[in-house]
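# A look at the structure
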Amino acid sequence: MPDNKIHVYLMPGMAANSSIFSSLNLPQNQFETHKLDWFIPQKRMSLQDYAKQMLKQVHHENPVLLGVSFGGLLVQEMAKMVPYRKVILVSSVKCKSEMPRKMIFAKYTKAHKLLPTGMVTNIEVLARYAFGETVTKRLELYEKYLSIRDKKYMDWAIDQMVNWEQTKPLPNTVHIHGTLDNVFPISIVKNCIPVKNGKHAMIVYRTKWFNEHLPAIILEEGSSI
């Protein structure tokens, strides 16, 4: 039988695992979701080479590629290598001009090289890197979602993010962004679907919004940037 479903590949944010999508439910008669997870990069591996490796886990033609935060950068690199239906970014950026000043500063001063990434086994430190939040409650959730606690991975991920060079959005890109995102402030993000009071980790805490709106966003023609 022909496969008429739309295949949606889900890439979590920095240091997070795919369980962040556990409450995401798209209509099964139309969509099939596939969760991707980070692996530890090889030494001096570029984001483009990492994307090429990740594409080995994509087994359907013209997929929808959805990425959260740093995962959004990765799915854009993946989309440059294969035909795709749509790229959906959540709490991410479409080009380097949307990067906050602190990341631009880090790029030119190499200040990010001084970050204490060896402390990523401390969940409070990891949450600040990954979600831009101080852990005051829901510690068990952070423990569950933030499982990539490898210094080599964190050094690589932060370096790839601050040095990302994309200058314009890819075709057929939809950008969903919280109005209270404190990692990538919405004030410097262009052409996005705003989620009122959404924070950087809204994929976890605003699942109802995504379950209600994501099917139409995927299906809608002409909604892309």
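Further up the page is the structure itself.
Summary of the structure given here.

### Thoughts on the overall build of the protein
- For the protein, the count of helices and strands is 8 helices and 6 strands.
- Listed N to C, the secondary structure of the protein is β-β-α-β-α-β-α-α-α-α-β-β-α-α in terms of helices and strands.
- Looking at the protein as a whole, 52% of its 225 residues qualify as buried.
- As presented, the protein carries roughly 11,100 Å² of accessible surface, and 52% of it is formed by carbon and sulfur atoms.

### A word on the pattern of salt bridges
- Under the definition given, this model contains 4 salt bridges.
- A salt bridge links E77 to K80; its shortest N-O distance comes to 2.9 Å.
- Notably, a salt bridge pairs D155 with K151, separated by 3.0 Å at the nearest N-O pair. A residue pair is termed a helical-turn pair when its members lie 3 or 4 positions apart in one helix, as D155 and K151 do in helix α6 (residues 151-162) at 4 residues.

### What about the environment of Q76?
- On the secondary structure map, Q76 appears in helix α2 (residues 70-79).
- Look at Q76 and you get buried, because its relative accessible area is 0%.
- In sequence terms Q76 and A51 are 25 residues apart; their C-alpha atoms lie 8.8 Å from each other.
- If we ignore the near neighbours within four places in the chain, the residues touching Q76 are V87, L89, V93, K94, W164, Q166 and L170.

### A closer look at the sheet that holds strand β5 (residues 173-178)
- Read across the sheet, 6 strands follow the order β2-β1-β3-β4-β5-β6 without closing on themselves; strand pairing throughout is parallel. Of all the strands in the sheet, just β2 (31-35) and β6 (193-195) have a single pairing partner and so form its edges. For this sheet the average axis-to-axis angle between neighbouring strands, irrespective of direction, equals 20 degrees.
- Across 5 bridges, strand β1 (residues 6-11) lies against β2 in parallel orientation. Counterpart to Y9 in the pairing with β2 is H34.
- Sheet contacts for helix α8 (residues 207-219): β1, β2, β3 (64-68), β4 (86-90), β5 and β6; angle to β4, the most-contacted strand, approximately 150 degrees.

Conventions adopted
- Residues numbered from 1 in each chain as written.
- Predicted model: local features only at pLDDT ≥ 70, side-chain atom pairs only at ≥ 80, totals over all residues.
- Heavy atoms only, no water.
- Helix = DSSP H or I, 4+ residues; strand = E, 2+ residues; numbered from the N terminus.
- Buried < 20%, exposed > 50% of the residue type's maximum accessible area, 1.4 Å probe, protein only.
- Areas by Shrake-Rupley, 256 points an atom, 1.4 Å probe, with all protein chains shown as cover.
- Salt bridge = Lys/Arg side-chain N within 4 Å of Asp/Glu carboxyl O.
- Contact = heavy atoms within 4.5 Å.
- Pairing = 2+ DSSP bridges.
- Axes fitted to C-alpha atoms, helices over the stretch in contact; angles between N-to-C directions.

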